[in-house]
Amino acid sequence: MPSQKTQVAIIGSGPSGLTLAQLLDGAGVESVVLERRSRDYVQGRVRAGVIEQGTVEILRRAGVAARLEREGLKHHGVEIAAGERRYRIDFAAQSASLTVYGQTELTKDLMEARDASGVPPIFEVDEVVLENIEGDRPRVRYLRHGEPHTLDCDFIAGCDGYHGVSRRSIPASVLTTHERVYPFGWLGVLADVPPVSPELVYASHERGFALCSMRSATRSRCYLQCDLDTDLAKWSDERFWDELASRLPAELAARVVRAPVLEKSVAPLRSFVAEPLRYGRLFLAGDAAHIVPPTGAKGLNLAVRDVDQLAAALAAHYAERRDELLDAYSAAALRRIWRAERFSAWLTSVLHCFPGRTSFDRGMQLAELDHLVSSAAARAAFVETYTGL
Ligand SMILES: Cc1cc2nc3c(=O)[nH]c(=O)nc-3n(C[C@H](O)[C@H](O)[C@H](O)COP(=O)(O)OP(=O)(O)OC[C@H]3O[C@@H](n4cnc5c(N)ncnc54)[C@H](O)[C@@H]3O)c2cc1C
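Residues numbered from 1 in each chain as written. Predicted model: local features only at pLDDT ≥ 70, side-chain atom pairs only at ≥ 80, totals over all residues. Heavy atoms only, no water.

> Describe in detail the overall build of the protein chain, supporting the description with residues and values.
In terms of regular secondary structure, the protein chain is built from eleven helices and 20 strands. Taking 2.2 N^0.38 as the reference for a compact globule, 389 residues should give roughly 21 Å; the C-alpha atoms of the protein chain span a radius of gyration of 21 Å, in line with that estimate. The buried share of the protein chain, taken over its 389 residues, is 56%. Of the contacts formed within the protein chain by residues at least 6 apart in sequence, a portion of 70% connects residues at least 24 apart. With the model as given, the accessible surface of the protein chain reaches about 16300 Å², and the carbon-plus-sulfur share is 51%. Averaging the coordinates of the 47 positive side-chain charges in the protein chain and doing the same for the 51 negative ones gives two points 2 Å apart. (Helix = DSSP H or I, 4+ residues; strand = E, 2+ residues; numbered from the N terminus. Rg over C-alpha atoms; globule rule 2.2 N^0.38 Å. Buried < 20%, exposed > 50% of the residue type's maximum accessible area, 1.4 Å probe, protein only. Contact = heavy atoms within 4.5 Å. Areas by Shrake-Rupley, 256 points an atom, 1.4 Å probe, with all protein chains shown as cover. Lys, Arg positive; Asp, Glu negative; His and termini not counted. Charge placed at Lys NZ, Arg CZ, Asp CG, Glu CD.)

Listed below in structure tokens is the structure:
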């Protein structure tokens, strides 16, 4: 049976696993990334696109920000619409910005950096099992093309997303989970049409929420709040563009350009936190540890911050034989995670149409938005959290 040894076994080659491998590399710590899917599948997954300044700094340190900084769109504000009303929240007063750059592009940059390091992820692994995580020498067993393999290591980083094996390897008696499942999802499309506005537009409408985002000056990423049982076959491209226009203020609706959709999918919305994030020599990071509804654009950013903290803790272990950062990882990460959960749940609650919403509930949502745009203190707090200052 082929066996291999490394210092850190990383399960999952999403943004958290790949960024962790890069950061560890920079700190002289060896790692091997194991991924269940094929390379093409991972690179083709259309997801996040709003990158915080702090995340850009971490990616720069990881040596993978050059193309993002060259090609990403720098945003200095965001628009919130409610019915016909439009408000712009300016980040300038706080010298804040966001970079719009697709997760697919970031994944490509990270994969190329892993290739250049000479230790690319091992793709298409199956039946991954984590063993001896309470002991000093954990082991990962897996199948590749039907053949059994083992990977011995000092630590395991569970970066395998919400459905991965890592979190499930922690005994139920140790793990506590906290969850809110929303009664709606997002129907998202990607299309080669110019964005309706140069900045993101979040629209709260009687018909439901809509978000106009983008990947470039010529490629839009747009979302509609939808039912969880939405049948994609019933959503022709034309129907999507008509519905999007109906949820935007007239001025923006007039700018909706209709074109064939390149990708269309439904994502359910969920808030989820697992704790603790450490069990023996296993550490959870990214979506394996937490999920936020995408409204606040926090998921990928949180994932990168988790692994930055974890990489520093592992580097201190190897370079200085200091373990206090590893010991502090779970509690410190959870503080940041709960704050992002709070913001994402709040923004979701004020922008979406919940089943059974009363006119009073709608009045409260509009009052929240009115407070946000008319109070300098509320705007400053929003910018601080939204841009991840
Ligand atoms: C529609 C949508 C829009 C979003 N928009 C934003 C946004 O604008 N900004 C933002 O910050 N976030 C956003 N997110 C969230 C963001 O995409 C995720 O938070 C991010 O992908 C998390 O990265 P990760 O590496 O932790 O997990 P993942 O990206 O889920 O990667 C986990 C990897 O582990 C692999 N894996 C799973 N099980 C196993 C196993 N047993 N063995 C080996 N490998 C395994 C998976 O195949 C996957 O490649 C959005 C998400 C969605 C769905």
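> Go over the environment of W346, please, and point to the residues and values.
Turning to its location among the elements, W346 is positioned in helix α9 (residues 324-351). When the C-alpha atoms of W346 and L18 are compared, they prove to be 30 Å apart, with 328 residues separating the residues in sequence. When residues no more than four places from it in sequence are discounted, the contact partners of W346 are E368, L372 and F382. A distance of 3.2 Å separates the side chain of W346 from the side chain of E368, its partner in a polar contact. (Polar contact = N/O pair within 3.5 Å; in protein donor to acceptor, adjacent residues only side chain to side chain.)

> Can you break down the nonpolar core residue by residue, with the values?
A general tendency of soluble globular proteins is for nonpolar side chains to be buried together. V8, I10, L20, L34, V140 and I156 are the most contacted members of the largest nonpolar core, which has 72 residues in total. If sequence neighbours within four positions are ignored, L34 has contacts with I10, I11, G12, S13, I122, V125, V140, Y142 and L151. (Core = buried A, V, L, I, M, F, W, Y, C linked by side-chain atoms within 4.5 Å.)

> Now, about the pattern of salt bridges: what can you tell me, with residues and values included?
Counted according to the given criterion, the structure contains 33 salt bridges. When the shortest N-O distance is used, the salt bridge between R207 and E243 registers 2.7 Å. Highlighted residues: R207 in the loop between β14 (201-204) and β15 (210-216) and E243 in helix α6 (residues 237-246), separated in sequence by 36 residues. Here R207 falls in the partly exposed class, since its relative accessible area comes to 49%. The class for E243 is buried, based on a relative accessible area of 12%. (Salt bridge = Lys/Arg side-chain N within 4 Å of Asp/Glu carboxyl O.)

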